[in-house]
Amino acid sequence: MMIFAIVRSAMVSLKRDRAALALSFILPVVFFSIFATIFGGRHDSTPKVNVIVVDEDHSRASERLVAGLKQEASLVVKTRPETVKGVEQPEYTGATAEIAVREGAAPVAVIVPHGFGESPIALGPSDSNRPTIQLLEDSSDMVAPQMITGLLQKVAMTSMPDLMAEQGSRYFDQFAGGLTREQRERLDQGIRYLRERQDSGATSGSGGTGIVAVTARAVVGENKHNPMISFYAAAIGVMFLLFTASGAAGALLDEAESGTLDRVLSSRVTMTSLMLGKLIYNSFLAFTQLVVMFLWGWAVFKLDFWSHIPGFIVMGVCTALAVAAFGMLLASVCKTRAQLGALSTLIILIMSSIGGSMFPRFLMPEAMQKAGLLTINAWAIDGFTKIFWRDQPVSELWPQVLVLLGIAVVLFAVARRVARRWEFA
Amino acid sequence: MPAISTSSTPLRVEALVKRFGQVAAVDGITLELRSGECLGLLGPNGAGKSTLIRSIVGRVIPDAGTISVFGSRADSMAARNALGWIPQELALYPRLTCRENLESFGRYHGLGGAALKQAVAHCLGWATLTDRAGELVKNLSGGMKRRLNMAAGMIHQPKLVLMDEPTVGVDPQSRNHIFEMIEKLRDEGMSIIYTTHYMEEAERLCDRVAIADHGRVIAIGTNAELVQNAFGSRSQVVARFAGADERVAAWVAARGGHTVNGSAEFTIEHPSEIAALLEEATKAGFELLDLALRKPNLESVFLHLTGRELRD
């Protein structure tokens, strides 16, 4: 009987603790849904890989290869940049495609070179004179280049059957006129090569091997010691910044509860100046956290920190302001520390998962990638990636700077409005 | 009450009303604080004392009525500078030292440089915390925190101080220490409003007392005036009887008295009435345990005016 009384009082307490209820039931369900959507392979929302395709050859073979790639459901083939103000942009060239990959427009560019059509496929060892398809890759995306390499081989098989036959007959002419000693050696060599490849588990990646010869080259991150360090420094950093910022902003709740806030507001300090003071402090705290994180990355993981200082400062300040304002809004909305703890955990974990702090956004379905743009995480990570990964100049940070500062201003304004409840009774 | 309204009047509250939903926390309070006076605001919890104080410091916006502080509106900067507020809560930064707390609140009031340094030293001395200046607030004893809480309200050297139950939760020794601080302020001619629900505090510290109940001031005057107005020359008899409480209480009520903490209290014109009272008790079958004759105090006045005890 007494045991049931204990169960009953615990259940009643839980029922009345909305924060605990949300953490117990809503957060796991939301998280499960996010992970299931990303990794569960729902067919209607499988992530598509953007790929830039440049056909320098314009031969029958190259056009059919490009057409074959376009038919692949898992690819979004771009042959020219997005239209700007309704004006169609010129087709990508090898040079513009490389810039586009550097800037992050797509993780891979496929360049079909001049002369590809003369000898599009080969079944034997590579011929050093044969023109090879160039794959320009962003090595921060570990999935897309591998996928494109495989798909190129598949498309070569499926979109060019006649070429396959042609090449087959050439081989026949070459080898079938009675096997001379020399022919036997060459055939053996070919078989040996194929066997070795099979045994070594090599894939048709770089080095001009495979049915279509492909040479892969990293155009972003080729000089980086560890491609993902800068990504994770930003991604994990922003998530913890959000937690710290909401915790620090919770000081407002402590002060309201202890009566300190009342005392401060009875002095010459106004609510606006009080909140601006807190915003500056919380931003400073967040910025310092980022500095510590990136310095650690430099000291331990060889992150190239010192040559990116201006970009780091710009992104650091904007990110810090945005997270500080976010924390202040949460604190001003909540009535108690416990409520703030629950709400911030709920929102920050969701924002971090869809905003790319837990796994790169390119792994996510398109709709979720777009939803991610509603988070501070996504914009901050994009900005830091531009600096540390793509080595882009500070001037290229303007979209991230504008959005993060916009978020900071809007969230702070709303927080100030909500904080009126502390101002007067 | 004399209708003086000049800028030399520290505080004037007129027909103040503040409602929270259906409840009128302050229901038409009018009062005036004279220069250099300590006015006690005595009333039970929920009488509206804190709401009145918070209205004066601009933390509560009244629904009706006016407040002027030395002739300025309560929400004006002049009023903020003139007012010192010692809230009931320990409104301090726990992870800052005593000195750092005082410096912070001083800066919030616009002090700086030598003036701030001097004010901090003065307030630490007033609160006898000079030797604990570098101590973190969270490590102080309850009494020390209370004293620092008071010092923080005085850091900008206000001309009028509002003290909202500054002795809540402190031991008798610390309470005495706080009384000495307040008496020192009084001696220096500070105008003070002192809210409390302890009758003894009001009697010891205040020149006049306003008795508050249900958001109204039901009587105001000096201690002697309040007792005189309520009881005239009458005295009180306090008797304790053995036996069933309910029967005793019913008999006491029928006899025109009150039962307070198990004791029967009667108001009498003349000590000769005591004999008749005891005779009736004996006839009713009550055994007398002890008996005292005393002069009415503020507690008696409150009971007389409201029919309830001050600490109900």
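None of the values given here were measured: they were computed from a predicted structure. Residue positions within a chain follow its written sequence, with the count starting from 1. Following the order in which they are written, the chains are lettered starting with A and the ligands numbered starting with 1. Since the coordinates come from a predicted model, pLDDT governs what is reported: local features require at least 70, and pairs of side-chain atoms require 80 or more to be given and counted, while whole-chain, interface and lining totals use all residues.

### Focus on the overall build of chain B
We apply this condition: The secondary structure listing takes helices from DSSP runs of H or I that are at least 4 residues long and strands from runs of E that are at least 2 residues long, numbered from the N terminus. Three exposure classes are used, based on other C-beta atoms lying within 10 Å of a residue's own C-beta, which is placed from the backbone: buried for 20 or more, exposed for 12 or fewer, and partly exposed in between. For the purpose of contact definition, each residue receives a C-beta atom placed from its backbone, and two residues are in contact when these atoms lie within 7 Å.
If you tally the helices and strands in chain B, you get eleven helices and 14 strands. Expressed as lengths along the three principal axes of its C-alpha atoms, the size of chain B is roughly 75 × 45 × 40 Å. Here chain B, with 312 residues, has 42% of them falling under the buried criterion. Pairs at least 24 residues apart make up 70% of the contacts formed inside chain B by residues separated by at least 6 positions.

### Topic: the overall build of chain A
Regarding its fold elements, chain A presents 17 helices and five strands. Here chain A holds 425 residues, and 38% of them are scored as buried.

### Examining the nonpolar core
Worth spelling out the cut-off: Note on terminology: a nonpolar core is any set of buried Ala, Val, Leu, Ile, Met, Phe, Trp, Tyr and Cys residues joined through C-beta atoms within 7 Å.
Core analysis: the largest hydrophobic core is formed by 173 residues, its most contacted members being A:A109, A:V110, A:A325, A:I376 and B:A151. Beyond its immediate sequence surroundings of up to four residues, A:A109 is in contact with A:I52, A:V54, A:A97, A:E98, A:A100, A:V101 and A:L136. B:V237, B:V248, B:A264 and B:A281 belong to the second-largest nonpolar core, a separate cluster that totals eight residues.

### Details of the interface of chain A and chain B
Residue-level contacts link 13 residues of chain A with 19 residues of chain B. When residues of the side of chain A that touches chain B are assigned to their parent elements, the largest contribution, five residues, is made by helix 10 (residues 260-265) of chain A.

### Details of the packing of helix 8 (residues 229-249) of chain A against helix 11 (residues 271-301) of chain A
When two helices pack together, their arrangement is captured by the angle between the axes and the distance separating the axes. All names here are of chain A. The condition that has to hold: Here an angle of 0 to 180 degrees is reported between the N-to-C directions of two axes, which are lines fitted to C-alpha atoms, with helices fitted over the stretch in contact. For classification, angles of less than 35 degrees are called roughly parallel, those exceeding 145 degrees roughly antiparallel, those between 65 and 115 degrees roughly perpendicular, and all remaining angles oblique. By the definition used in this description, the sense in which the near helix is turned from the far one sets the handedness, with an anticlockwise turn below a right angle giving left-handed and a clockwise turn giving right-handed. Side-chain classes are defined by residue name, with Ala, Val, Leu, Ile, Met, Phe, Trp, Tyr, Cys and Pro counting as nonpolar, Asp, Glu, Lys and Arg as charged, and the others, Gly among them, as polar.
Axis separation between helix 8 and helix 11 bottoms out at 9 Å; the angle between their running directions is 150°. In terms of their interaxial angle, helix 8 and helix 11 are classed as roughly antiparallel. Here helix 8 and helix 11 pass one another in a crossing that is right-handed. For the pair helix 8 and helix 11, the contacting residues are I229, A233, G237, F240, L241, T244, A245, A248 and A249 in the first and K278, N282, L285, A286, Q289, L290, M293, F294, G297 and F301 in the second. Among the residues making up the contact of helix 8 with helix 11, the classes are represented as 13 nonpolar, five polar and one charged.

### A short note on the environment of B:S300
All names here are of chain B. Within the secondary structure, S300 sits in helix 11 (residues 298-306). In this structure, the C-alpha to C-alpha distance between S300 and F231, residues 69 residues apart in sequence, is 8.9 Å. Apart from the residues lying within four places of it in its own chain, the contact partners of S300 are F231 and Q236.

### Let's talk about the domain arrangement of chain B
So the rule is basically this: In this entry, domain limits derive from an automatic or database-based domain assignment.
Annotation of chain B at the domain level lists domain 1 (11-227) and domain 2 (235-295). Taking only C-alpha atoms into account, the centre of domain 1 of chain B sits 40 Å from that of domain 2 of chain B.

### Points about unusual backbone geometry
Positive phi is not limited to glycine here, since A:H58 has a value of about 50°. Tracing the sequence through the fold places A:H58 in the loop between strand 1 (49-55) and helix 3 (60-71). Even without being a glycine, B:T128 presents a positive backbone phi close to 45°. Position of B:T128 among the secondary structure elements: in the loop between helix 4 (113-126) and helix 5 (142-154).

### Observations concerning the sheet that holds strand 14 (residues 287-294) of chain B
Residues and elements named next belong to chain B. Worth spelling out the cut-off: Any two strands with at least two DSSP bridges between them are considered paired.
Overall, antiparallel pairing links the four strands, which are arranged 12-13-11-14 in an open sheet. One side of each edge strand has no neighbouring strand; the edge strands of this open sheet are strand 12 (258-260) and strand 14. Here the average twist between neighbouring strands, direction ignored, is 30°. Sheet topology note: the strand 11 (residues 235-242)/strand 14 ladder contains seven bridges and is antiparallel. What sits directly across from A239, in strand 14, is L291.

### Examining the sheet that holds strand 5 (residues 72-73) of chain B
Residue and element names in this part refer to chain B. Strands sit in the order 2-1-4-5 across an open sheet of four strands; the sheet is antiparallel. Looking at which strands have only one partner, the edges of the open sheet turn out to be strand 2 (23-33) and strand 5. When strand 4 (residues 64-69) meets strand 5, the two strands line up antiparallel, connected through two bridges. By the bridge assignment, S68 is partnered in strand 5 with R73.

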